[in-house]
Every structure is written in structure tokens, then in C-alpha cells.
Amino acid sequence: MNHLTDTAAESVVDLDLIRKYNVNGPRYTSYPTALQFDDLNESAYKASIQASDRKDKDLSLYFHIPFCNTICYYCACSKIVTRDKSKATRYLAYLKREIALQAPLFAGRKVTQLHWGGGTPTFISDDEIADLMSHIRHHFSLADDTEGEFSIEIDPRTVDAERIGLLRRVGFNRLSFGVQDFNPLVQKAVNRLQSYESTCEVIEAARANGFRSVSVDLIYGLPYQDLSSISETLDKVIAISPDRISIYNYAHLPERFKSQRRIDVLDIPSADLKLNLLKLCTDKLVDAGYCFIGMDHFAKPEDELAIAQREGTLHRNFQGYSTFAECDMAAMGVTAISQVGRTYAQNVKTLEEYEAAIDAGQIPVQKGVEIDADDLIRKAVIMDLICQFRLRFNDIESAFGIDFGQYFSAELLQLETMAADGLLTLTDDEIEVSRRGRMLIRNICMVFDRYMRAMQETQRFSKAI
């Protein structure tokens, strides 16, 4: 059985190691991370598209729909909370204009991955969903349903079986459902009341309408969670049998996210309980047959993510783990981040700035970073480790013409302590992360992050666990 997806009795979670290494660190949906972004204008973004070495390859698209009709107190996403649907209607008009500006830059490229995120994409009406997808198809060449991966994030409280059918008809074939926790006390504490029965109905509708994949998102570390309550939630989720499950760590940062100030810190699980919640969640899902993909992601063995990891083709981008390793990603909407060639480019953050840029006929990029030669090497190292849990030095040497041992002599010295603690095996030829070390993969990657020391001092990251 593959070393990455076995279900051996040994837990992925070693509490003593986690306590030792649980420091602030990034999630590495990019390298360099978004904290390295600086001013970047439309001209630089367009130049990056022209210079991309992936111009003959497929394209990934992301669209940000920032609206929610209620606020979930734990949320750290870029969102606009309103019940005024006209705000979304106005926003969609501008989003379609951005699509028209961006599409000619990617002419002739087939779109094999598409994702709508938020906020709550299903905040908008059925007619608006159909109209936006039609507009996208008019400007971009989407792959057929069997070849493309077209996904949307769903708040189950905003859809019913009829809406699920609409989403399938307009072209979506994957759904990601926010659940977080099924315990009523926890739900009330975070202002997200959502019944198990209604969630089941929506997921059953997704299967009845032929969606290829269903994902469920959970959070551990929320107010009033304990081992018994989260075990019950997991039992219910396992009974639903989603293809993928993500269990995110709740990071309480009320100084950064205003809505979190409504959560009483005394109701949050202690650090020790939180670690035990993580261990229970991880062990329970692995025992149920799910493969641990990395950090907070689990998938069934037959899911594309698990297959890609076994075959060494798994990738990671701003949408998390992905099977589309060779795609440029064009992202549209407020705060959306594109990844094109050697450039990351982020759009403006406010509706006012967004509208002003579009009215001026400009792609609304504001920040970003151009990856230099050293970044490119380190990005390859980090991506191999975080996706495959293994790094063969010869692969990096062949790709970049370096001597790995010389180039990373200081980093290899740092890894010796981790090797002594059992997080990894270090030889003259490779790094292989141990089963116990996989949960701490972010810490291992941080060794190769040249920006890490300064960023850790700012305390702008959540804990690694």
C-alpha cells in the first residue's frame, strides 16, 4: 500500500511533537506568500501573461463573489455582509466587465479548472448564476464536462434541491459545502445555525443531479467544542460520505477580524484540548478510510487528490490542494489573486477601488510579486514537500542546475534536529517526511522559506496547528 495513503494504526498526530513545533507559520498556498506582495500595476500583470512559459497549456479561472447575508463570527474571509441584493447585481455587472478585459489576454487557452468562491457565491439569484456562467463561456473556452473541474462553494442554508439542479445545468460538476460543526450550542456561538437534515438533503440532491465530487468543510477549536461533540459531528459527516473533507484550525485573531470579537475567548477550547480535538478528528477520518492529503485535507482513496498524490502530480495553489499543476490561474473580482507565469497579482480590496479601475478600463490589480530565480527554486522544494511529503534532491538539481547540498547547506543543517525528532528521514539523496511529521509539514517547509524569520516576528500568521 502506498506510503502516503495507508491507514496504519500509528496516528499521524504526535501531540508531543506538535507542542514542540507549534509556532506561527504560513499555509503555503503560494511561495512567496501574500505577505511579500508589493505594488504591482496592470502593465506588469500583462507582461507576466506574455512571458508565461505556460501559454500553450490549459488555464484555471477563479471568481470571487464576496457577499454573505449573515455573518459567521469565526470567519476570516474577504466578505461583504448585506441583505441588499442590489449590491450583488451591481458588482456582477462590473465583474463581467473585468472578464471582458481579461479574456483577450488568454485567447486560445482551454479552461480545465473553474472555481467560484466567497463570501457565499450562492448569495446571488438563479438568473444571476446562469447569466454569469453564460458570460464566462462567451469569453473563455471551457473544457467539456468530463474533462474540466468546475466547482462552487455552497452555504447549504442558501440552496435547495432545485437550486442544486440549476448549478448542475449551468455546468458545475463539483460542490464544496460549508458545515463547520453540527452541534447546536457551537452553531449558536458562531452564529451559523444549520441542521444536519437540511445539509443531508442538499448533498443527496447533488448526487442525484450527477455532481462528480462533494466536499465538506469543518472547523476545530470553535467555542464549546469538546471531544464528545466533535466526535458526533464527525460521525454524521462520515455517514454523509463526502469525497473530500477539510478540517480547518480556528485561529482567534479578533484584532484582525472584527466579527471574531463576538466570540468569548473563555468559550474557546484550551490549547491542549484543541490538540486533542485535532488528533481525534484525524484518527477518526483515517480509520474511516480517508487518506490524509496534507495539513487539513482528507480524501477518499479513489478521489483525484489521493490519486495525484500517489502519482506525484499533486499541486497546491490559492484554492488549496489541486490536480492542475501546470495551469496559470486568472482570478477575477475584489481581492482575487492570480498566478501567472512567475507573477502573483492581487486585485484591489474594496468595491469602490474595483469599480473605479473597471470604469477606467483597467484590470484592477494592485499588489503582487514577481518571483526571482531563488524564489523559483525554493517554491519547487516547498511544493514537493507539502504535496508529496518527499523531496528528491536530484529532481531539483536537474531542474535548476544547482548542487542541492551546497545551495541548501544551512537548511539541511537545520533539518537535522527535525530528523532527530522523527519528523523526517534525511539522506544524501532525499528528504522523506515521516508519518508523524506530515502534520507538521508547514514547519518543515518553513526551513526553506527565506522570508520566514522576519514574518514570524510580526506574528501575522496563525499557529502551524
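Residues numbered from 1 in each chain as written. Predicted model: local features only at pLDDT ≥ 70, side-chain atom pairs only at ≥ 80, totals over all residues. Heavy atoms only, no water.

(A) Representation of helix 7 (residues 196-208) in the model. Its 13 residues give helix 7 an end-to-end C-alpha distance of 18 Å, which sits within 8% of 18 Å, the value for a rise of 1.5 Å per residue. Among the residues making up helix 7, those that are buried are Thr 199, Cys 200, Val 202, Ile 203, Ala 205 and Ala 206. In this structure, the buried residues of helix 7 make contact with helix 5 (161-170), strand 8 (174-180), strand 9 (213-220) and helix 8 (227-240). Looking one or two residues past helix 7, Gly 210 carries a phi angle of roughly 85 degrees, positive in sign. (Helix = DSSP H or I, 4+ residues; strand = E, 2+ residues; numbered from the N terminus. Expected span 1.5 Å × (residues − 1). Buried < 20%, exposed > 50% of the residue type's maximum accessible area, 1.4 Å probe, protein only. Contact = heavy atoms within 4.5 Å.)

(B) Molecular detail of the sheet that holds strand 19 (residues 390-392). Spatially, 3 strands are ordered 19-21-20 in an open sheet, and the strand pairing comes out antiparallel. Either end of the sheet is taken by a strand with one partner, and the two such strands are strand 19 and strand 20 (424-426). When strand polarity is set aside, the average angle formed by the axes of neighbouring strands in this sheet is 10 degrees. Where strand 19 meets strand 21 (residues 430-433), 3 bridges bridge the pair, whose relative direction is antiparallel. (Pairing = 2+ DSSP bridges. Axes fitted to C-alpha atoms, helices over the stretch in contact; angles between N-to-C directions.)

(C) Structural context of the side chain of His 297. When you line up the elements, His 297 lands in strand 12 (residues 297-299). Here His 297 falls in the buried class, since its relative accessible area comes to 10%. Those residues in contact with His 297 that lie beyond four places of it in its chain are Ile 245, Ser 246, Tyr 248, Cys 291, Phe 292 and Tyr 321.

(D) Up close: unusual backbone geometry. Cis geometry marks the peptide bond from Tyr 31 to Pro 32, where omega comes out at -5 degrees. If you trace the backbone, Pro 32 turns up in the loop between helix 1 (15-21) and strand 1 (38-39). Along the chain, Gly 118 connects to Gly 119 via a cis peptide bond; the corresponding omega equals 20 degrees. The phi dihedral of Tyr 224 is positive, around 70 degrees, even though this residue is not glycine. Locating Tyr 224 in the fold gives a position in the loop between strand 9 and helix 8.

(E) Representation of empty space enclosed by the protein within the structure. Using the criterion set out here, one finds 2 cavities of 30 Å³ or more in the structure. In this structure, the largest cavity occupies an estimated 50 Å³ of space. What lines the largest cavity is Ser 60, Gln 113, His 315, Asn 317, Phe 324, Cys 327, Asp 328, Met 329 and Gln 339. Each residue belonging to the lining of the largest cavity can be placed in one class, and the counts come to 3 nonpolar, 5 polar and 1 charged. As for the second largest cavity, its lining consists of Gln 180, Asp 181, Leu 218, Ile 219, Gln 225, Ile 230, Thr 233, Leu 234, Ile 247 and Cys 281. (1 Å grid on protein atoms, 1.4 Å probe; cavity = no way out; pocket = protein on both sides within 12 Å on 5 of 7 lines; lining within 4 Å. Points joined across faces, edges and corners; volume = space filled by probe spheres on them. Nonpolar A, V, L, I, M, F, W, Y, C, P; charged D, E, K, R; others polar.)

(F) Inspection of helix 2 (residues 42-51) at higher detail. Taken as a whole, helix 2 has its buried residues at Glu 42, Ala 44, Tyr 45, Ser 48 and Ile 49. Angularly, the buried residues of helix 2 cover 165 degrees about the axis, an arc narrow enough to put them on a single face. Facing away from the buried side of helix 2 by more than 90 degrees, the exposed set consists of Ser 43, Gln 50 and Ala 51. Of the surrounding elements, those touching the buried residues of helix 2 are helix 3 (85-102), strand 15 (328-332), strand 16 (337-340), strand 17 (343-347) and strand 18 (365-370). One side-chain oxygen at the N-terminal end of helix 2 lies 3.2 Å from the backbone nitrogen of Ser 43; it belongs to Asn 41. (Arc of directions from axis to C-beta. Polar contact = N/O pair within 3.5 Å; in protein donor to acceptor, adjacent residues only side chain to side chain.)

(G) How the structure looks around the pattern of salt bridges. Across all of its chains, the model carries 27 salt bridges by this definition. Notably, a salt bridge pairs Asp 328 with Arg 54, separated by 3.6 Å at the nearest N-O pair. Pair noted here: Asp 328 is in strand 15 and Arg 54 is in the loop between helix 2 and strand 2 (59-65), with a separation of 274 residues, a long-range link. Here the two residues Asp 328 and Arg 54 agree in accessibility, since each one is buried. In this structure, the salt-bridge partner of Arg 378 is Asp 374, at a minimum N-O distance of 2.9 Å. Here Asp 374 and Arg 378 lie together in helix 12 (residues 373-388), a separation of 4 residues that amounts to about one turn. One network of salt bridges, in which partners are shared, links Asp 372, Asp 374, Asp 375, Arg 378, Glu 411 and Arg 450. (Salt bridge = Lys/Arg side-chain N within 4 Å of Asp/Glu carboxyl O.)

(H) The arrangement of the confidence of the model for the chain in detail. On average, residues of the chain carry a pLDDT of 92, and 95% of them reach 70 or more. In this model, residues 1-9 is a region of pLDDT below 50 whose contacts with residues beyond four sequence positions or in other chains number 20 contacts. (pLDDT = per-residue confidence, 0-100.)

(I) Structural view of the environment of Phe 400. Mapped onto the fold, Phe 400 is located in helix 13 (residues 393-400). The spatial distance from the C-alpha of Phe 400 to the C-alpha of Gly 368 is 24 Å, given a sequence separation of 32 residues. Setting aside residues no more than four positions away along its own chain, Phe 400 makes contact with Leu 376, Ile 377 and Ala 380.

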